[in-house]
Amino acid sequence: MALEVSHVVGGYSQIPVLKDISFDVKDGELVGLIGLNGAGKSTTINHVIGLLTPHKGTITLNGVTIDQDSQAYKQQIAYIPETPVLYQELTLREHLEVTMMAYDLDHDQAWATAHELLKTFRLDNKLDWFPANFSKGMKQKVMIVCAFLTQAKLFIIDEPFLGLDPLAVNDLLNLIEDRKKKGASILMSTHVLDTAQRYCDRFVLLHDGQVKTEGTLSELQAALPEAGESLNDIYLSMTKVDRA
Amino acid sequence: MTGLFKTRLQRHLREMAKYLRLVFNDFFVFALLFLLGGLGYGYSNMLKTLKTGYWWAPVVALLVLVIVAQIGRFATLIEDADRVFLLPKERAMHAYLVAARRYSQGLAQATQVIAVFLLAPFMSVTMAWPVLSLVELGLAQIILKDALLRLDLASAYQVTGQTRMNRWEFKWLLSIIVLAAGLWTLPLVAVGLALILDIAVAVWFAQHWQKQQIRWREQIKIEDNRMLGIYRFFNMFTEVPMLSGTIKRRRYLDGLFKLIKPRHDKFYLYLYSRGMVRGSEFSGLVVRLTVIGMLLLYFVRGEWLPVILAALFIYLIGFQLLPFFQQYDDVVFTHVYPILPAQRLKSFVTLITLILSVAALLLWLVVVVANPHLMTAGVTLLVEVVEVWYLARIYTPQRLARSIENRA
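Residues numbered from 1 in each chain as written. Chains lettered and ligands numbered in written order. Predicted model: local features only at pLDDT ≥ 70, side-chain atom pairs only at ≥ 80, totals over all residues. Heavy atoms only, no water.

Student: Just checking my understanding: could you explain the overall build of chain B for this structure?
Tutor: Helix and strand counts for chain B come out as 16 helices and zero strands. Sorting the 408 residues of chain B into buried and exposed places 47% on the buried side. Considering only contacts in chain B between residues 6 or more positions apart, those separated by 24 or more positions represent 82%. Counting only carbon and sulfur atoms, one obtains 71% of the accessible surface of chain B, whose full area is about 22,000 Å². (Helix = DSSP H or I, 4+ residues; strand = E, 2+ residues; numbered from the N terminus. Buried < 20%, exposed > 50% of the residue type's maximum accessible area, 1.4 Å probe, protein only. Contact = heavy atoms within 4.5 Å. Areas by Shrake-Rupley, 256 points an atom, 1.4 Å probe, with all protein chains shown as cover.)

The following block contains the structure:
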């Protein structure tokens, strides 16, 4: 059990956005976090990466909570935010270097990985560029390269498919597949449901700060037999029930 | 469109008024009065030592007037979103830009009048010019500035293809020709030349602008830079939220960074040092304060005054640097990366110690050069060492530890 979120109540202020949320992500598993705008996806992610502290409940990562040992907890996580954030004064090369420093990676080995990733995402000739010169998609690729440079056990990817070109989306999915095989877990939030349906092992459907359902596609289909075949249909029917 | 400009101008003036109130606080007004009084006194004393007929007097007058003619920029108050929302209204923008130029005249022409007024005593002493000639020269200066601002307005359009008419070389050349003609022949000649220039640009522009596009991107950038300059000035006195500063690569300093080994515990030193050097916000502050301190210490004499001033400047620099600790708080990785807060604090203390030590050394060197007393130099060094140690090693960690706790 890599990530275990249990009975988490939390949010940005005293008013909870998340109302008693529980789910898990196992080793070598890609879990899709699905929900409308404002359903609580980003809040959930912010709790997992430690930006927010839960009011109630616990989040454990391979047996460690952030309170027990923040270093050991954070060491296991690599995060790709929805909106790319970069240090304005550091070049691409230096971004890679600080990532290596932060995760205490072996310099030569990490650079070998880095060069491969840079080539894949066609950034290898832009090592001395500043973030200001990158387009939004390029910045997102920098985020991906930095995250996959690490040997993290849990990758948290917030809405990765918007803004990336089709080639990069494909490359990212390959990277995810590769890390899964090596035993890493991935928690990914997205609105692109047909891609999610094809690649995710399991889904957590969030609605209004609660976990509506969770499980594999066939489990979801079994739970909501009238809803339809695709994840899209299931999701739409689920939100409709609530609206009616 | 003039309505739009008026609304924006009102908002702009309200904002400027807010900052000016903060800039001209009692302390600053007091200091400014002293400074102006001192300068005025010095100027009048200097005038007493001058006689008529120096060959260099018109050269000095020319230089001052040419430089002053460049002061006062074309303030358009154009915003980034305009290139999307106002693009369909491009023709109507002409009225907006004309209104903007009219507004820009105010401050620019006031500067010209004041400059000529201040220069007048000098010219009447050294060049024996009568009042009427000085008034004529002032008139020429105003018309010249009008023409230069017209060039700025014309350059907002792509009227001259890729070359711009308001390039600084061109403006300087025009100013030199017009003013030199006035200073070495008759001031009325300058008035005539400036008028010809102004009318020529006006006529030519009136015939050409309709068919041309506005250089949106460039105008937005120019206006952004203008506002940035203003905010930077205000930033010396108060916090300006819009100020993010510019980033320069400064490749020649890369050697310096090589001293920081890319190890886990040096993460923040690596980040902070580059951020400090390449961002202009804080490094500019350090450089400005150090240079001002050095200049002041060079001219100040006395046994204790240099010691107090050196200590004061180090305190000012150190104090102003503290907010840099939070510089990267809005980058999520600052929180997500597995680095202990203690390491961050340690790196910051190292950086502050380094910066303050260099500043202290520079200030001390000036004290040594400017003061014959060994005693003063010795005491200054001692005070500086103690102060840097206390500020960086004791005060900074205490203060920032409190700010970290408050957040958690």
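From this point, the narrative continues.
Student: Would you mind going over the packing of helix H5 (residues 93-126) of chain B against helix H6 (residues 131-155) of chain B with me for this structure?
Tutor: Helix-helix packing is described using two parameters, namely the angle between the two axes and the distance between the axes. All names here are of chain B. Between H5 and H6, whose axes approach to 9 Å, the crossing angle comes to 150 degrees. Judged by the inter-axis angle, H5 sits roughly antiparallel to H6. Where H5 crosses over H6, the two elements pack in a sense that is right-handed. Counted by class, the contact of H5 with H6 contains 12 nonpolar, seven polar and four charged residues. (Axes fitted to C-alpha atoms, helices over the stretch in contact; angles between N-to-C directions. Parallel < 35°, antiparallel > 145°, perpendicular 65-115°, else oblique. Left-handed = near helix turned anticlockwise from the far one by under 90°. Nonpolar A, V, L, I, M, F, W, Y, C, P; charged D, E, K, R; others polar.)

Student: Mind showing me how you'd approach the interface of chain B and chain A here?
Tutor: For interface size, the figure often reported is the accessible area lost on association. Listed by partner, the interface residues are 29 residues for chain B and 27 residues for chain A. Roughly 2,700 Å² is buried in total at the junction of chain B and chain A, and carbon and sulfur atoms are behind 68% of that figure. Across the pair A:Glu94 and B:Arg274 runs a salt bridge whose closest N-O atoms are separated by 2.9 Å. Between the two partners, chain B and chain A, sit 13 residue pairs in polar contact (both at pLDDT 80 or more). Examining the composition of the side of chain B that touches chain A, we find that six residues originate from one element, helix H11 (residues 267-278) of chain B, more than from any other. (Buried area = accessible area lost by both parts, 1.4 Å probe. Salt bridge = Lys/Arg side-chain N within 4 Å of Asp/Glu carboxyl O. Polar contact = N/O pair within 3.5 Å; in protein donor to acceptor, adjacent residues only side chain to side chain.)

Student: What am I meant to see in helix H3 (residues 57-70) of chain B here?
Tutor: It helps to recall that an α-helix has 3.6 residues per turn; residues three or four apart then point in one direction. All names here are of chain B. An ideal rise of 1.5 Å per residue puts 20 Å on 14 residues; H3 measures up with 21 Å between its terminal C-alpha atoms. Inspection of H3 places Ala57, Pro58, Ala61, Leu62, Leu65, Val66, Val68 and Ala69 among the buried residues, and these make up the whole buried set. The buried residues of H3 occupy one face: seen down the axis, they fall within an arc of 165 degrees. A positive phi of about 95 degrees marks glycine 72, the residue just after H3. (Expected span 1.5 Å × (residues − 1). Arc of directions from axis to C-beta.)

Student: It is not clear to me how the sheet that holds strand S5 (residues 77-80) of chain A should be interpreted in this structure. Could you clarify?
Tutor: Residues and elements named next belong to chain A. The mixed open sheet is built from six strands, whose spatial order is S5-S6-S7-S3-S8-S9. Two strands lie at the open edges of the sheet, namely S5 and strand S9 (210-215), each paired on one side alone. Each strand axis lies, on average, 15 degrees off the axis of its neighbour in the sheet, ignoring direction. Across four bridges, S5 lies against strand S6 (residues 154-158) in parallel orientation. (Pairing = 2+ DSSP bridges.)

Student: Whenever I open this one, the sheet that holds strand S4 (residues 56-61) of chain A confuses me. Can you help?
Tutor: Remark on secondary structure: sheet strands pair via backbone hydrogen bonds, oriented parallel or antiparallel. Residue and element names in this part refer to chain A. Pairing is antiparallel in the open sheet, where three strands are placed in the order S2-S1-S4. Taken across any chain shown, the strands that pair with only one partner, and hence form the sheet edges, are strand S2 (18-25) and S4. Between one strand axis and the next, the sheet turns by 15 degrees as a mean value, whatever way the strands run. Of the strand pairs in this sheet, strand S1 (residues 3-10) and S2 are connected by five bridges, and their pairing is antiparallel. Residue glutamate 4 lies in a different strand from S2, and its bridge partner there is aspartate 24. Docked against the sheet, helix H1 (residues 41-48) engages S1, S2 and S4, running at close to 65 degrees with respect to S2.

Student: Even after reading the chapter, I still don't get the domain arrangement of chain B, so can you show me in this structure?
Tutor: Its domain assignment divides chain B into domain 1 (2-229) and domain 2 (251-407). Placing the centre of domain 1 of chain B and that of domain 2 of chain B at their C-alpha centroids yields a distance of 39 Å. (Domains from an automatic or database assignment.)

Student: Sorry if this is basic, but what is going on with the UniProt feature "domain: ABC transporter" (unreviewed entry) in chain A here?
Tutor: UniProt's feature table lists "domain: ABC transporter" (unreviewed entry) at residues 3-233 of chain A, given in the numbering used throughout. Structurally, residues 3-233 of chain A comprises 37% helix and 23% strand, and the distance from its first C-alpha atom to its last is 28 Å. (UniProt positions renumbered as here; feature names shortened; annotations may be inferred.)

Student: In this structure, what is going on with the UniProt feature "transmembrane region" (unreviewed entry) in chain B? I would like to understand it.
Tutor: As annotated in UniProt, the feature "transmembrane region" (unreviewed entry) corresponds to residues 20-43, 55-75, 110-132, 172-205, 282-300, 306-325, 345-367 and 373-392 of chain B in the numbering used here. Within residues 345-367 of chain B, the helical portion is 100% and the strand portion 0%, while the C-alpha atoms at the span's ends are 32 Å from each other.

Student: Even after reading the chapter, I still don't get the pairing of strand S7 (residues 185-189) of chain A, so can you show me in this structure?
Tutor: Along any regular strand, the residues point their side chains to alternate faces of the sheet. Residues and elements named next belong to chain A. The buried count for S7 comes to five of five residues, which makes it a mostly enclosed element. Burial of S7 is two-sided: the residues Ser185, Leu187 and Ser189 facing one way and the residues Ile186 and Met188 facing the other way are all buried. In this structure, strand S3 (residues 30-34) lies alongside S7, joined through four bridges in parallel fashion. Note on S7: the bridge partner recorded for leucine 33 is serine 189. With five bridges connecting them, S6 and S7 associate as parallel partners. When the bridges of S7 are listed, isoleucine 157 appears paired with methionine 188. Handedness of the β-α-β unit built from S6, helix H6 (residues 166-181) and S7 comes out right-handed. (Right-handed = clockwise from strand over helix to strand, strands pointing away.)

Student: Would you explain the side chain of A:Lys180 in this entry?
Tutor: All names here are of chain A. Following the sequence through the fold, lysine 180 ends up in helix H6. A relative accessible area of 12% places lysine 180 in the buried class. The contact partners of lysine 180, leaving out residues within four places of it in the chain, are Gly28, Glu29, Leu30, Ile186, Tyr199 and Asp201.

Student: Can you help me understand the nonpolar core in this one?
Tutor: A general tendency of soluble globular proteins is for nonpolar side chains to be buried together. Within the largest apolar cluster, 124 residues are counted, with the highest numbers of intra-cluster contacts made by A:Leu3, A:Phe23, A:Leu96, A:Phe148, A:Ile156, A:Phe203 and B:Phe267. Element by element, the count of residues in this core is highest for helix H15 (residues 341-370) of chain B, at 11 residues. Beyond its immediate chain neighbours, meaning those up to four positions away, A:Phe23 contacts A:Leu3, A:Glu4, A:Val5, A:Leu33, A:Thr44, A:Leu187, A:Val204 and A:Glu214. The next biggest cluster of nonpolar side chains, apart from the first, holds 57 residues, and it includes B:Leu47, B:Leu86, B:Ala108 and B:Phe122. (Core = buried A, V, L, I, M, F, W, Y, C linked by side-chain atoms within 4.5 Å.)

Student: Explain unusual backbone geometry here, please?
Tutor: Negative phi is the rule for most residues except glycine; trans is the rule for most peptide bonds. Residues and elements named next belong to chain A. With a phi angle near 50 degrees, asparagine 62 is a residue other than glycine that sits in the positive phi range. Mapped onto the fold, asparagine 62 is located in the loop between S4 and helix H2 (70-75). At aspartate 208, a position not held by glycine, the phi torsion is positive, near 55 degrees. Along the chain, aspartate 208 turns up in the loop between strand S8 (202-207) and S9.

Student: In this structure, what is going on with the packing of helix H12 (residues 280-299) of chain B against helix H13 (residues 305-321) of chain B? I would like to understand it.
Tutor: Residues and elements named next belong to chain B. Running from N to C, H12 and H13 point in directions that differ by 175 degrees, and their axes come no closer than 10 Å. Classified by the interaxial angle, the pair formed by H12 and H13 is roughly antiparallel. Contacts between H12 and H13 involve Phe282, Leu285, Val286, Leu289, Thr290, Ile292, Gly293, Leu296 and Leu297 from the former and Pro306, Leu309, Ala310, Phe313, Leu316, Ile317, Gln320 and Leu321 from the latter. Each residue belonging to the contact of H12 with H13 can be placed in one class, and the counts come to 14 nonpolar, three polar and no charged.

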